[in-house]
Amino acid sequence: MFREAIGLFVPEPKSKLYIPKNSGLHEYVNNLLSDIGVSDRGEFTRTDESVGTLEIISARGEDVPQRVDDCLLRGEVAYGLTGDDLFDEYMLGAGDSPLGVLNTYDWFDPSAQFYRPALCLLNREGQIPDSSAMVSIAVNKKYELSSRQYLSQRFQSSKLQISIVAYAGDTENTVAEGTHDWCVEVVYRGERSPASAMSKTGLKVAEVVRFSDISLIGREIVNPWEEEYRRISAVAQKPTGSSTSKLLADSNAICKKVGEESAEFVRAFTQETGIPEEFNGVVYALMVAAAKQQVPWQEIEADLKSRWS
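Residues numbered from 1 in each chain as written. Predicted model: local features only at pLDDT ≥ 70, side-chain atom pairs only at ≥ 80, totals over all residues. Heavy atoms only, no water.

On to the environment of Y79, then. On the secondary structure map, Y79 appears in strand β4 (residues 78-83). Within polar-contact distance, the side chain of Y79 engages the side chain of E12 at 2.7 Å. (Helix = DSSP H or I, 4+ residues; strand = E, 2+ residues; numbered from the N terminus. Polar contact = N/O pair within 3.5 Å; in protein donor to acceptor, adjacent residues only side chain to side chain.)

If you want it as structure tokens, here you go:
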């Protein structure tokens, strides 16, 4: 199975990477790390062939998106690997979070009932009746928003009347003991293992709500120019030991940089080679100059748009 290298999505030389510590999820993600080019010490190969380093931090899978979000809010660079079902659940309640899915890695386990985790609607019959009965449904709090959204859409025009109660887990047993009629819960081994909660309680899958894979999450980059300018401006506000920070501290050096990069672009243009690299070199130097003067990105975009008419 092809696994895209993490270096394709993580440009920074150093960053944090949050991974799940939940047992099954942790095991799968931990095995995935080597497949996507991350060593035991957190080293990986960047697109320029240099070596980057990830500080790998364990957190509950459902908390990984929040941990990454908190880092971004503090101006830190962070990424996360977690189930895409857990990420989608987080985003349903996260409002204006800047997070997005940078890449998805397929989950494949031949011992799992659906070859991957699946959020399912479970009951004793394994089917959904066509009646006007009142049905009580237990849902796992980890997937409460996703479950409520699914149930609302699924039974919007149904004769069934449903009530929903959220639990921290063990929803299958609430059905087995008669407290609730159905439940929405993750099925993994399912019918393939007599030790699974589904098998032990005698429940069956009435409907698959969704499957789950592994998502690499981080700041969603909609406009790469704006993101680059944001990064440079962040360094201007909070100096580091980077070359960009040293450049920002010296206006004469900035002017020299703009001239050097412009000359290199002219050379690339006349030689008809290396134009994209030199183009971005000029843009970088201009962005450093503008960030030094604290020019808002919105003003730069507004001026560009004014030239379109």
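So much for the structure itself; the text now carries on.
This next bit is on the packing of aromatic side chains. In total, this model carries 8 aromatic pairs according to the counting rule given. Taken together, the ring pairs in this structure connect Y28, W107 and Y188 into an aromatic cluster. The aromatic ring of F155 is capped on one face by R154, whose charged end is 5.1 Å from the ring centroid. Positioned above the aromatic ring of Y115 is the side chain of R192, whose terminal nitrogen or guanidinium carbon lies 4.8 Å from the ring centre. (Phe/Tyr/Trp six-rings, centres within 6.5 Å; stacked < 30°, edge-to-face > 60°. Lys NZ or Arg CZ within 6 Å of the ring centre and 35° of its normal.)

The geometry of helix α9 (residues 251-271) relative to helix α10 (residues 275-292) is characterised by a closest axis approach of 8 Å and an angle of 160° between their N-to-C directions. On the basis of the axis angle, α9 is roughly antiparallel to α10. Crossing geometry of α9 relative to α10 is assigned as left-handed. The residues of α10 that touch α9, namely those facing S251, I254, K257, V258, E261, S262, E264, F265, A268 and F269, are I275, E278, F279, G281, V282, Y284, A285, L286, V288, A289 and K292. Of the residues in the contact of α9 with α10, the class split is 13 nonpolar, 3 polar and 5 charged. (Axes fitted to C-alpha atoms, helices over the stretch in contact; angles between N-to-C directions. Parallel < 35°, antiparallel > 145°, perpendicular 65-115°, else oblique. Left-handed = near helix turned anticlockwise from the far one by under 90°. Contact = heavy atoms within 4.5 Å. Nonpolar A, V, L, I, M, F, W, Y, C, P; charged D, E, K, R; others polar.)

Here the focus is the pattern of salt bridges. Taken as a whole and judged by the stated rule, the model has 16 salt bridges. The partner of R41 in a salt bridge is E43, and the shortest N-O contact between them spans 3.4 Å. For R41, a relative accessible area of 65% translates into the label exposed. By relative accessible area, E43 is classed as partly exposed at 29%. With a shortest N-O distance of 3.0 Å, E144 and R148 are connected by a salt bridge. Note that E144 and R148 are positioned in helix α4 (residues 144-154) at a spacing of 4 residues, about one turn of the helix. (Salt bridge = Lys/Arg side-chain N within 4 Å of Asp/Glu carboxyl O. Buried < 20%, exposed > 50% of the residue type's maximum accessible area, 1.4 Å probe, protein only.)

Time to look at the sheet that holds strand β2 (residues 43-45). The strand order across the open sheet built from 6 strands is β2-β3-β1-β4-β11-β5, with neighbouring strands paired in mixed fashion. The sheet is open, and its two edges are formed by β2 and β5 (99-105), each paired on a single side. In this sheet, neighbouring strand axes are inclined to one another by 30° on average, regardless of whether the strands run parallel or antiparallel. With 3 bridges connecting them, β2 and strand β3 (residues 51-59) associate as antiparallel partners. Across the sheet, residue E43 finds its bridge partner in β3, namely T53. Across the sheet, helix α2 (residues 64-73) lies against β1 (14-20), β3, β4, β5 and β11 (214-219), angled at about 170° from β4, the strand it touches most. (Pairing = 2+ DSSP bridges.)

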